[in-house]
Structure formats: structure tokens, C-alpha cells
Amino acid sequence: RVTDEQVQKFLTECKSRGLPCELFGAATNARNFVNWKFSPAEESLPRTAQMLSRAVDIRLPLTWEDSDFLTLCQVVEESLASVMACVKRAVITKDIKAPDAVPEAGIQEA
């Protein structure tokens, strides 16, 4: 399960590499269905809103060359790898025993 913190870190990583992106669920995103004044939803659609709260919006300009898409993929992969490396480090750190739980080495001062 992806956390809000991981999504924010992913967005930050992408932006730091020059790829502008935002959440579809952001209040400022025109593609967020809650901002549609021309066709408002009759219900609140909480499951849709929850899914969009973590969906990333990356715009694809019509003027891009094929090589631009390769660069975009590299940025997304690098950003995701950075976020997942932090997750892996957190899991490893969580599994390490506290210093007081580690048995003493038996070294005595002379």
C-alpha cells in the first residue's frame, strides 16, 4: 500500500529532476472531477476521490519527440526507485534490534 508520504516524495523527486507533475486529486487540478462545474457529480464519489488522491498527473505535450518519452520514463523510474529505496531502508531499520537487546560481547576491561 502506498502512503501519502511516499506519493509526496515521488512528486518531489520528479520535480527535482525537471518533470512537472501533480496529483489528479489536487484541488488545483482542472482534471479533478470535483472541479468540473460543467458536469458535477450527483454523489460525492468517495472511492473515486480516494483513488485520485494518489494518482499522479503527468502531462504529455503534443510537441514531444520519441526521445522525450524515454527521458520521461527514466525520470519516473529513478524517482520511484528513490522512494522505494527509502521504504526498504525503513523496513530494514525497523527490523534491527535495539542496542539493549543485543547480547554483550563479553569483553572485559583489564
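Description of the structure in this document. All values derive from a computational prediction rather than experimental measurement.

1. A few points about the overall build of the chain
When its secondary structure is counted, the chain shows three helices and two strands. The order of α-helices and β-strands along the chain, N terminus first, is α-β-α-β-α. By the burial criterion, 18% of the 110 residues in the chain qualify as buried. For the chain, the share of sequence-separated contacts (at least 6 apart) that also reach a separation of at least 24 residues comes to 60%. Put simply, the chain shows about 9000 Å² of open surface, and 59% of that area lies on carbon and sulfur atoms.

2. Some words on the state of the cysteines
Tallied over the entire structure, the rule returns zero disulfides. Looking at Cys21, it has no disulfide partner, and the nearest cysteine sulfur is the one in Cys14, 4.1 Å off. On the accessibility criterion, Cys21 (6% relative accessible area) is buried.

3. Describing the packing of aromatic side chains
Inspection of the entire model under this criterion finds one aromatic pair. Their ring planes at 65° and their centres at 5.3 Å tell us that Trp64 and Phe69 sit as a pair that is edge-to-face. Exposure remark for Phe69: the relative accessible area of 29% places this residue in the partly exposed category.

4. Some thoughts on the nonpolar core
Val7, Phe10, Leu11, Cys14, Leu19, Cys21, Leu23, Leu72, Val75 and Val83 together form the largest nonpolar core, which totals ten residues. Mapped by element, the contributors of at least two residues to this core are α1 (4-16) and α3 (66-95). Ranked by residue count, the leading element in this core is α1, at four residues. In contact with Val7, other than residues within four places in its own chain, are Val2, Leu23 and Arg54.

The rules we used
Residues numbered from 1 in each chain as written. Predicted model: local features only at pLDDT ≥ 70, side-chain atom pairs only at ≥ 80, totals over all residues. Heavy atoms only, no water. Helix = DSSP H or I, 4+ residues; strand = E, 2+ residues; numbered from the N terminus. Buried < 20%, exposed > 50% of the residue type's maximum accessible area, 1.4 Å probe, protein only. Contact = heavy atoms within 4.5 Å. Areas by Shrake-Rupley, 256 points an atom, 1.4 Å probe, with all protein chains shown as cover. Disulfide = S-S within 2.5 Å. Phe/Tyr/Trp six-rings, centres within 6.5 Å; stacked < 30°, edge-to-face > 60°. Core = buried A, V, L, I, M, F, W, Y, C linked by side-chain atoms within 4.5 Å.

Shape descriptors only; they carry no functional weight alone.
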